[in-house]
Amino acid sequence: MRYGFAIDQRTCIGCHACTVACKTEHEVPLGQFRTWVKYVDSGTFPDSRRDFGVMRCNHCTDAPCVTICPTGALFTREDGIVDFDGSACIGCKSCLQACPYDAIYIDDDTHTAAKCNFCAHRVDDGLEPACVVVCPTHSIWVGDLEDESSGISQLLATNESTVRAPDQGTGPNVFYLGAARAVLDPLEAPVKDTYLWARPDEHRLATSADFTGSDPTAATTLNTAHPRPWGWRVITYLWTKGVGAGALFVAALAAVLDVGLGGVGDVVAPVLAAAAAAVTGGLLVWDLKRPERFYLLFTRGNHRSWLVLGGYALLGFGAAATVWFGTAVLGADAAHPWLALPVVLLSALAAGYTAFLFGQAEGRDLWQSPWLLPHLLAQAAMTGAGAMAVAVVVAGAGDDATALVARVLATAAVLHLAITAVDLGGRHESRRAEVAASTILRGRYRAAFWWGAVTPTVAAVLLAVPAWNGDHGWAVLAAGILVQPALLTYETVYVRAAQDVPLS
Amino acid sequence: MTAAEDHRVGPGSSEELPTPDLPGARSHEALRNFPPPETWDHHVAHDARAHPRKVPREFMLIPTTCFNCESACGLLAHVAKDDLSITKVEGNPAHPGSRGRNCAKGPATINQVNDPERILHPLRRVGERGAGGWERCTWDDALDDVASRIRTSIMAERRDRVVYHVGRPGEDGFAERFLLAWGVDGHNSHTNICSAGARLGYTTWGGYDRPAPDYANAKVILLLSSHLETGHYFNPHAQRIMEAKSEGNAKVVVLDVRMSNTASHADLWLAPWPGSEAAILLSVASHLLRTGRIDRDYLRRWVNWRTYLERMHPDRPRDFDAFVAALTEDYARYTFEFAAEESQVPVERIRALAEIVAEAGPALSAHIWRSAAAGNLGGWQVARCLFFLNVLTGSVGTKGGTSPNGWHKFIAHGFDVPEGHDAWNELLWPGEYPLSTNEMSFLLPHFLQDGRGELDVYFTRVYNPVWTNPDGFAWIETLTRTDTIGLHVALTPTWSETAAFADYVLPMGHATERHDTHSYETHAGAWLGFRQPVRRVAMGKLGSAVTDTRESNPGEVWEENEFWIELSWRIDPDGSLGIRRYFESPYRPGEKVTVDEYYRWVFENRVPGLPEKAAAEGLTPMGYMRKYGVVEISRDVYRRDERPLTDDELSGAEPDPDGVLRLPTTDESTPPLIGEAGAVGVQLEDGSRVAGWLTPSRRLELWSDSVASFGWPEHAAPTYIESHVSRRRVDLAAGQRVLVPTFRLPTLIHTRSGNAKYLNEISNTHPLWIHEDDAGQLGLATGDLVRVTTRIGHFVARAWAHQGIRPGVVALSHHMGRWRLDDIHASRWASGKVDLERSEEGVWRMRYVEHPRPFASDDPDSSRIYWEDPGVHQNLTFPVQPDPWSGAHCWHQLVTVAPAEPGDRYGDVQVDTRLAREVYREWLAMTRPGPNGEGLRRPEFMMRPVKPKRKAFRA
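Residues numbered from 1 in each chain as written. Chains lettered and ligands numbered in written order. Predicted model: local features only at pLDDT ≥ 70, side-chain atom pairs only at ≥ 80, totals over all residues. Heavy atoms only, no water.

## Describing the overall build of chain A
Using the following cut-off: A helix here means a DSSP run of H or I that spans at least four residues, while a strand means a run of E at least two residues long, and both kinds are numbered starting from the N terminus. Throughout, the radius of gyration refers to the C-alpha atoms, and the reference size of a globule is 2.2 Å times the residue count to the power 0.38. Think of it in three bands: with a 1.4 Å probe and only protein chains considered, a residue is buried below 20% of the maximum accessible area for its type, exposed above 50%, and partly exposed in between. Residue contacts are counted whenever heavy atoms from the two residues lie within 4.5 Å of one another. All accessible-area figures derive from a Shrake-Rupley calculation using a 1.4 Å probe, and residue coverage is judged against the displayed protein chains alone. By the counting rule applied here, Lys and Arg register as positive and Asp and Glu as negative, while His and the ends of each chain are not counted. Here the site of a charge means atom NZ of a Lys, CZ of an Arg, CG of an Asp or CD of a Glu.
For chain A, the helix and strand inventory stands at 18 helices and ten strands. In terms of C-alpha radius of gyration, chain A reaches 25 Å, essentially the compact-globule figure of 23 Å for 504 residues. With the principal axes as the frame, chain A shows a C-alpha extent of 80 × 50 × 35 Å. Evaluated residue by residue, chain A yields a buried proportion of 64% over its 504 residues. Residue pairs at least 24 apart in sequence account for 74% of intrachain contacts in chain A once pairs closer than 6 positions are excluded. When the accessible surface of chain A is totalled, it reaches about 17,100 Å², and 63% of it is carbon and sulfur. On chain A, the mean spot of the 34 positive side-chain charges and the mean spot of the 46 negative ones are 5 Å from each other.

Here it is, written out as C-alpha cells:
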C-alpha cells in the first residue's frame, strides 16, 4: 500500500481553502504552512496568465528526511505516509535540509519539525485529509497508488502527470495534473519585488536576481517563506571541527615523520582538538531547537543518519585527542607513532563526515558534490595547520616544525583553492547546484567569496611557501591566522548559497 | 433531556432509521470525507497535535452556516463534549449548495470565534460620540433605552425615523418581520453600494433581481464577475463551473479588466475598457440577430415583442417576423468594430466571443454580479444586455442556461406575518431615484446634511458604512452629530470603524453562535439552510437545556433574533401597539416566543417536504434541521415560467387585455416582495395559463414600460450607456486613469474577515495594480509610492507594475485599509492606528501612526504577526456617484495617478468634504425624479424590502 495525492491544477482555483483547512486541523502557527498555494504570473497583456500549484510534502517513497532524521522522529508508515513524531524530534533541522521540496518547518509552538503528514490521524480513522475534504473543486485526490483500481490510480493512468523535482530521485507520491512547469520548478519563476497580495520574505526577495527562468515574463506572485535552517552555528561548527581535526592530524603527521613539535604536538594539538570537538558539539546542541533532547541522538539514534554517525565520529575524535594527550602527559610519547594512524583516520572522519551528512541533505544540491569530502579534509588540514603554525612559531618549536606546518598549510590551502575552483567553477549535476555556485562566484556572494575567502587564502599560500624550509616563521604565523577567517567566510557563503536556492 | 430537546418521534431511536444520501458525501476508497451523520452526536476523533500518540476525544458535530460571504455554505462544527469548546469547523456534507466543501473563509470561522479581541459585553458610550469612551452596561440597560426610544418614535408616528442598516444579511425573513411588526419603513440595505446595478438590469427583464445560472450543465459559461474567487456564490459556483469545464467540456469566457483567478481559467479572456461591456454584449446580440442564431419560438412566446413594436415601430405590422426584422435593424449599429472601439479589445476576440455564445444554444450560463454593473454609470444596462443574450438564445430557465433566482430560492416566513405598513421613508426611497433597486443607503449622510430628515434610532447590523461606503468622512461627520441621529446602535461581533461612532455596541455572534434561515440560488434547485448556535445545540443534546443563546456564547455575546424578540416585546410590553402579538408564542398563547419555538413553527408549517423528510428519519422537523442544518426543497428546477397555475391560484383571477391574470385589489393591498399586488400569472396566446414572470406584463420585458414611464424611454430596451469613466473621458496624457477599486480576493471578505488570522497571513498587502507601460509613462516602478487623486481628495498607495491588467486602468483590491483610533476598542490583527484630523474648512487628513504589529493576547499567534501593511482606505476618497437609474454607487473612479509628493506617506488619505458635497449635487442633478404620470413613487412590481401597501406608492 502506498498512499499518495494527485493534485489537479487544471481545476484548482487557487482559493487557499486547503491551506486554511490544514491550518485549522493541525493548529499550525502563523507564518508556517503544511500545504500552501503558489501562484505564478506570466505572459504579456493581453496574453497574460496565472498558474497555481498546491505545494506540500511529497511522501517520497525514498524519503531523504527519514534517512537523515537522527532520532527516527520522521518515519515511513506501512501505508506509505511519511509521518513524524514530534515527541522524538530534537529540532536539528537536518530534515529541512534533506527535503528537496521545502515541505518541513520547525513548529513555533513545539519547536520540533512538522509537515504534512497526510492527516494520518484522520486516515487511521477512515477519513480523508482535511485539504481533500474542503477543496471546492475536488482538485485534490487521495488514495492507494499501488491499487490499480483506486480512483487516484485510474486518474493517473488516464491523464498525464508530473512530479516536483523528479531528478532528486526521491520517488515523490504527489502527482500533478496540468501543472505549469513554472509552478513546479521554482527556478523557472523568480520573485519580482512583490507578491500579488502579500510581501515576499526577505530571504526569497534576495534570491530574485540569482537566476532567470526560460520564460523571462514568469514571476512567482504568491508563495511562503522558507528561511535558511542553518546559520552561523553550523558555519562555525565546520570551522571548529576542521581546526581541531587538522591540528591533531598535524601532530600525528609530525609523530610519523619524527618531526619534533614538543609541547605543541603533545599538549597544544590534543587540547585544541578536544576543545574544538567540545565546542563543535556545543554548537550542534545549541543549534538544536530542543537542545534538552540531544540525548535522543544516542538513545534512539538512527544509524543511517550521518548526524548520529557524525556524533560518534566526534566522540571518537575527542577520545583520540584525549588518548594522545594522556599518553603525552604520562610520558608515553613513544606510543604516538603507533597511535598516529588511528588518530589520522579519526581526524579525517571528524573533519570529513560532514560530507556524508551534507550528502544526505538532498535539498541542497551544491552540497551533493563528490568533491566535498576531499575538500573538507583539505580545509581541515589548512586551518589545523594554520592553528598549529601559530602555536609552533609562538612556542619557538624549531625549523623542522615550522617547515612541517608551512608545508601542510601551503599544500592544503592550494588543494582547497583547487577543489574550490573545480567544485564551484566546474560542471554541475543540477541547475540548483549551478545557481548556488554562480551566486557565489558571480552573484550576491561574489565580494565575500573573492575578497573574503579566496584572496586571503592565496595570500596565505604566498606567505607559507617561503617558510617551506622552516624560515620566516612570522610568515607562516601570518598565513596561519589568515586562513581562519578566510575559511569561515568561505563556509558562510557555501552554507548560505546552497540554502538560498528556492525549492518551492 | 427535556421534551424541547427530544427531537425524535415515534418508536425507536433515529439511529435505527436510514439516513439519506448526503449530496456532499464522497469517498476515496476506504477514506470518506465525513463521518456518517448517525455518528455525529458521538464522533470520536484523535488529537492531531498529539499524533502519532492516540489521544481520543469525543465530539458532537453540529451543522451551521458560514457567516462570511453571501454563499451561506454549510459548516459542521466540532464541539468537544468534555469542555464544550469548538475546536474546528469543516463543511457540511448535507448541504446541497456547498456539498461539504468550503473556501478558505469557511474553516477560518474558528479564528473569528477564538479572536482574543472580540467584543464580549454590551458597551455604552461615555463622553462625545466617536471620542472613544466606553463603559460596560447590561443588556437590560441597552434594551430598555433602545426600546423606549423606538416606542416614542412609533407613538409619535415618526415611522421613518427608525432605520435598520444591514450589511450582507445572511438571513431571510426575520428583519422584515420585526420591521413590519413595528410598522416602520426602516429597512436600509447595503445593496446600492453592491449589487443594485446588476439587479436593475435583471429586474427590468423579468422582475427577479438576480440570475441563477445552471453552471453544472452549461455548454458556455460567460462571466463578467470573478465567480471562481469571490462571492455570489463563490464556493458553490466554483465547484459547478469547474465541473462543467472539466467534465462537460464547457467553454468559459471571462470579461475582466485584470487577470483574475477566474480569468486564469478562461478559454477566452477579454479585458475591456471599464464600462464598455454593454457595447461588447450588444455586438454579440447583433451578431446573433444578424446570423439568425436566435430561439424564435422562445422569443415569440415569452418576450413582450408586441409592446416593443408598438413603442419603437408603431408603423410596422404587429407580427413576429416584423419584430425580428426591426430588432435586427435596431441593433445593427452595434458592430464588432464599434464594440472594439469602445472596449479597446481586438475585433477578433469579440468575434470569438460571439461565436462561442452562438454555439451555446440553450445552455448558456451567464452571470454578472457587481463588477461592471457596480462600477459604471449605466452599469445596470450591462446586466440587461447580458441577459439579452440569454433571451435571444432561449437559454432562460433551461438546463445549462440561466434562471432567475426566485426559482432556486425559498424564503421561510414565520407565523402570522405582519401586513405591509403604509409609511414611505424619503430618506431611503427619495423621489429622485424611482427606479433604484434598493434603498439609497449611501446617500444618507448627504440627505441628513441637506436637512431632509432625522433619525431617532439607527442600527448598523454587522455593517461598517464608515469603511465600506464611499465618502466615509461624510459618514463620520453625520454619525458624530447627535442632533440628526439620536441613537446609533452597532450590532457587531467585532470592532469596526463604524462601531467606534456608536452609542451602544452590542456584541452579536459569529456563524456558530446565532440562529438564522437563508436560501440562495447556488444551482438548479432550492434549499433552506439553518444557522445555529452550535454550543447551545450541543448543550441541549447533552441534557442542559439552554433557553437563551447568551448562555452558550462567549461572554455575553447574543444572537440577533433573540435580541429582536426581546426588543420588540419591550417596545410594546402590554400589546397596545399591536406589535407584541407577532412575538407571542404560537404554542403558548400570550407568552413570549422563544427562538426555538419560532423556528419549530417555521419548520413544521412553512417548509414543503420537511415534515415528511423528518418523519422518515423519526425526527421532528426541528430535530431534522438541528441535525442536518439544511433541507433540500427542490432539485432540477427549470422553466418555472411555464408552470401551469393551480385552480386555487386562478380562483377569482381574470385576464387583463395583455393576458395578465389578476385578482381584484385595492389601495390597501400589499404587493408581494416582487411583483404587482393581485397578479398571479399570464394567459398566453395558446390559452395556457402559467406563472410567467413577475413584471407588469408577466413576460420578459425587452421593452420596459416602467423604465419609460419614469422618464427614460431611451433606455427602455437594452442599450449601451457611456460610462463616467469611458475612454473618451479619460485624459491619459494628463496622467488620468480609471481606478477599479472593487476587486475581491478569494481569502478575505469586506471587513468581516479582519479578525481571521489564517486569512490575514495569506493576504496582507495592498498593491495598486498598474500595467508596466502605464507605470513607465507615469514614472513609476513596483514598490514606489503613488498618489492617486480623485475628485475630492487623494490617497497614497504602493505600485505593482506588471502585465496582468489592461493599460489605462489601475486597480486596488477591496478589503484592506483597515484602521483604528485606539488599541483598546479595536481589532488589531490587520489594522493600522491612525491620526485623524479635520480642518475648520472641512478637509480631513488621515495618517497611519502605527502599522499592524505583534501584540500580546491569549493567542500566541498575535505575537507572531509578521505583516506590516494595513493597506490603504481608498473608499474614503470616493465621492458618492449614484447611478441615476439603479441608484447604485458607481465605484469606478476617474483618477490622476502620479508619483507620491514630498511628505506623502504610505496610506495617507486626504479629503475635502466640501468637494464631496459638490459631486453629490452633480450626480443628483442627473436624475429625473418621480413620480411618474400615474403618480407612483416607483414601479410596484420592483423588489422592495419590507414592501408597504399599494397606497404608500402613491406620492
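Moving on from the coordinates now.
## Brief notes about helix H9 (residues 232–257) of chain A
Stated formally: In a helix, the anticipated span is given by 1.5 Å times the number of residues less one.
The end-to-end C-alpha separation of H9 of chain A is 37 Å, in line with the 38 Å expected for 26 residues at 1.5 Å each. A positive backbone phi angle near 60 degrees is found at aspartate 258 of chain A, which sits one or two residues after H9 of chain A.

## Digging into helix H11 (residues 347–360) of chain B
Residue and element names in this part refer to chain B. Over its 14 residues, H11 extends 20 Å from the first C-alpha to the last, a length consistent with the 20 Å expected when each residue adds 1.5 Å. For H11, every residue scored as buried is listed here: Val347, Arg349, Ile350, Leu353, Ala354, Ile356, Val357, Ala358 and Ala360. Following H11 by one or two positions, glycine 361 adopts a phi angle in the positive range, close to 60 degrees.

## Comments concerning unusual backbone geometry
Following phenylalanine 45 of chain A, the chain continues to proline 46 of chain A via a peptide bond in cis, the omega torsion being 5 degrees. For proline 46 of chain A, the position within the fold is in the loop between strand E2 (35–42) and strand E3 (49–56). Cis geometry marks the peptide bond from histidine 51 of chain B to proline 52 of chain B, where omega comes out at 10 degrees. Positionally, proline 52 of chain B belongs in the loop between strand E3 (43–46) and strand E4 (56–65). Look at arginine 370 of chain B: it is not a glycine, yet its phi comes out positive at around 60 degrees. Positionally, arginine 370 of chain B belongs in the loop between strand E15 (364–367) and helix H12 (371–375). Arginine 370 of chain B sits in the buried class, given a relative accessible area of 13%. Backbone geometry at arginine 639 of chain B places phi at a positive 45 degrees, although glycine is not the residue there. Tracing the backbone shows arginine 639 of chain B in the loop between strand E22 (630–635) and helix H22 (647–650).

## Notes on the side chain of arginine 806 of chain B
For clarity, the threshold we go by: One speaks of a salt bridge when a side-chain nitrogen belonging to Lys or Arg is within 4 Å of a carboxyl oxygen belonging to Asp or Glu.
The topology assignment puts arginine 806 of chain B in the loop between strand E30 (793–802) and strand E31 (809–811). Although arginine 806 of chain B is buried, it forms no salt bridge, and the closest oppositely charged side chain is aspartate 774 of chain B at an N-O distance of 7.7 Å. Excluding residues within four positions of it along the chain, arginine 806 of chain B makes contact with Phe45 of chain A together with Val257, Ala271, Pro272, Trp273, Ser343, Gln344 and His771 of chain B.

## Remarks on the interface of chain B and chain A
To keep it simple, the criterion reads: Buried area is calculated as the accessible area (1.4 Å probe) missing from two parts once they are joined, with the contributions of both summed. Polar contact criterion, stated in full: a pair of N or O atoms within 3.5 Å, where within protein one must be able to donate a hydrogen and the other to accept it, and residues adjacent in sequence count only if both atoms are side-chain atoms.
Every contact between the two is made by 73 residues of chain B and, on the other side, 77 residues of chain A. When the two sides are added together, the surface that chain B and chain A hide from each other amounts to roughly 5,800 Å², 58% of it contributed by carbon and sulfur. Our count for the contact surface shared by chain B and chain A stands at ten salt bridges. Inspection of the chain B/chain A interface yields 36 residue pairs in polar contact (both at pLDDT 80 or more). The element that contributes the greatest number of residues to the side of chain B that touches chain A is helix H5 (residues 234–247) of chain B, accounting for six residues.

## Some thoughts on the sheet that holds E2 of chain A
Residue and element names in this part refer to chain A. Counted only if it meets this: Whether two strands pair depends on DSSP finding at least two bridges between them. Note on method: axes are straight lines fitted to C-alpha atoms, helices fitted across the in-contact stretch only, with angles between N-to-C directions ranging 0 to 180 degrees.
Read from one edge of the open sheet, three strands run E3-E2-E10, paired in antiparallel fashion. Looking at which strands have only one partner, the edges of the open sheet turn out to be E3 and strand E10 (219–222). The average undirected angle you get between the axes of adjacent strands in this sheet is 35 degrees. The strands touched by helix H1 (residues 17–26) are E2 and E3; relative to E2, the strand with the most contacts, the crossing angle is about 160 degrees.

## Here we look at the pattern of salt bridges
Pairing between side chains becomes possible if they bear opposite charge and their charged atoms approach one another. Counting across every chain of the model gives 117 salt bridges over all chains. Residue aspartate 422 of chain B pairs with lysine 951 of chain B through a salt bridge whose shortest N-O separation is 3.6 Å. Here aspartate 422 of chain B is found in the loop between strand E16 (402–404) and helix H14 (444–450), whereas its partner lysine 951 of chain B is found in the segment after helix H26 (913–924), with 529 residues between them in sequence. On the basis of relative accessible area, lysine 951 of chain B is assigned to the partly exposed category, the value being 30%. Note that aspartate 641 of chain B is salt-bridged to arginine 639 of chain B, the shortest N-O span being 3.0 Å. Residue classification places arginine 639 of chain B among the partly exposed positions, given a relative accessible area of 25%. Residues joined by salt bridges that share partners form a network here, namely Asp107 and Asp109 of chain A together with Arg49, Lys757, Asp859, Asp861 and Arg864 of chain B.

## Let's talk about the packing of helix H14 (residues 372–395) of chain A against helix H18 (residues 473–500) of chain A
Residues and elements named next belong to chain A. Counted only if it meets this: Crossing chirality is assigned from the near helix's rotation relative to the far helix, an anticlockwise turn below a right angle marking it left-handed and a clockwise turn marking it right-handed. Any residue that is not Ala, Val, Leu, Ile, Met, Phe, Trp, Tyr, Cys, Pro, Asp, Glu, Lys or Arg is counted as polar, Gly included; the first ten are nonpolar and the last four charged.
Running from N to C, H14 and H18 cross one another at 145 degrees; their axes reach a closest spacing of 8 Å. For H14 against H18, the interelement crossing comes out left-handed. Seen from H14, the contacting residues are Leu372, His375, Gln379, Met382, Thr383, Gly386, Ala387, Ala389, Val390, Val393 and Val394; seen from H18, they are Gly473, Val476, Leu477, Gly480, Ile481, Val483, Gln484, Leu487, Tyr490, Glu491 and Tyr494. For the contact of H14 with H18, the per-class residue count stands at 14 nonpolar, seven polar and one charged.

## Observations concerning the packing of helix H15 (residues 399–425) of chain A against H18 of chain A
All names here are of chain A. Convention followed: These descriptions rest on fixed angle ranges, namely under 35 degrees for roughly parallel, over 145 for roughly antiparallel, 65 to 115 for roughly perpendicular, and the rest for oblique.
At a minimum axis distance of 11 Å, the contact between H15 and H18 shows a crossing angle of 30 degrees. The pairing of H15 with H18 is recorded here as roughly parallel in orientation. Here H15 and H18 pass one another in a crossing that is left-handed. Counting all contacts with H15, which are made through Thr402, Val405, Ala406, Leu409, His416, Thr420, Asp423 and Leu424, the residues of H18 involved are Gly473, Val476, Ala479, Gly480, Val483, Leu487, Tyr490 and Tyr494. Here the contact of H15 with H18 is built from residues that sort into ten nonpolar, five polar and one charged.

## Points about the sheet that holds strand E25 (residues 679–683) of chain B
Strand pairing in a sheet takes place through backbone hydrogen bonds and is either antiparallel or parallel in direction. Residue and element names in this part refer to chain B. Spatial ordering of the open sheet is given by E23-E24-E25-E26, a layout of four strands whose pairing is antiparallel. Whereas interior strands pair on both sides, the edge strands pair on one side only; in this sheet they are strand E23 (654–655) and strand E26 (689–690). The pairing of strand E24 (residues 660–662) with E25 spans three bridges and is classified as antiparallel. Directly across from valine 660, in E25, lies its bridge partner valine 682.

## Quick word on the packing of aromatic side chains
As a reminder of what qualifies: Pairing of aromatic rings covers Phe, Tyr and the six-membered ring of Trp, with a centre-to-centre limit of 6.5 Å; geometry is then stacked below 30 degrees between planes, edge-to-face above 60, and tilted otherwise. The criterion is that NZ of a Lys, or CZ of an Arg, lies within 6 Å of the ring centre and within 35 degrees of the ring normal, and then a charge sits over that ring.
Per the counting criterion, the structure on display carries 61 aromatic pairs over all chains. With 5.3 Å between their ring centres and 50 degrees between their planes, phenylalanine 530 of chain B and tyrosine 599 of chain B make a pair best called tilted. In this pair, phenylalanine 530 of chain B sits in strand E21 (residues 525–531) while tyrosine 599 of chain B sits in helix H19 (residues 595–605), placing the two residues 69 residues apart along the sequence. Neither phenylalanine 530 of chain B nor tyrosine 599 of chain B differs from the other in exposure class; each is buried. Within the aromatic cluster, the residues linked to one another by ring pairs are Trp139, Tyr164, Phe178, Trp182, Phe459, Trp558, Phe563 and Trp564 of chain B. Note that arginine 56 of chain A overlies the ring of phenylalanine 5 of chain A, its terminal NZ or CZ placed 4.5 Å from the centroid. Between arginine 550 of chain B and the ring centre of tryptophan 558 of chain B, over which it is positioned, the NZ or CZ distance is 3.5 Å.

## Some details on the nonpolar core
Selection criterion: We define a nonpolar core as any set of buried Ala, Val, Leu, Ile, Met, Phe, Trp, Tyr and Cys residues linked to one another through side-chain atoms lying within 4.5 Å.
Phe5, Phe358, Leu366, Trp367, Met388, Leu409 and Phe449 of chain A are the most contacted members of the largest nonpolar core, which totals 182 residues. With twelve residues, H9 of chain A is the single largest residue contributor to this core. In this structure, Tyr202, Leu289, Tyr298 and Val345 of chain B belong to the second largest nonpolar core, which totals 79 residues.

## Remarks on the pairing of E15 of chain B
All names here are of chain B. Side chains Leu364 and Ala366 project from E15 onto one buried face, and the interleaved Ser365 and His367 project onto a second face that is buried too. The pairing of strand E12 (residues 220–223) with E15 spans four bridges and is parallel. When the sheet's bridge partners are listed, valine 220 is paired in E15 with leucine 364.

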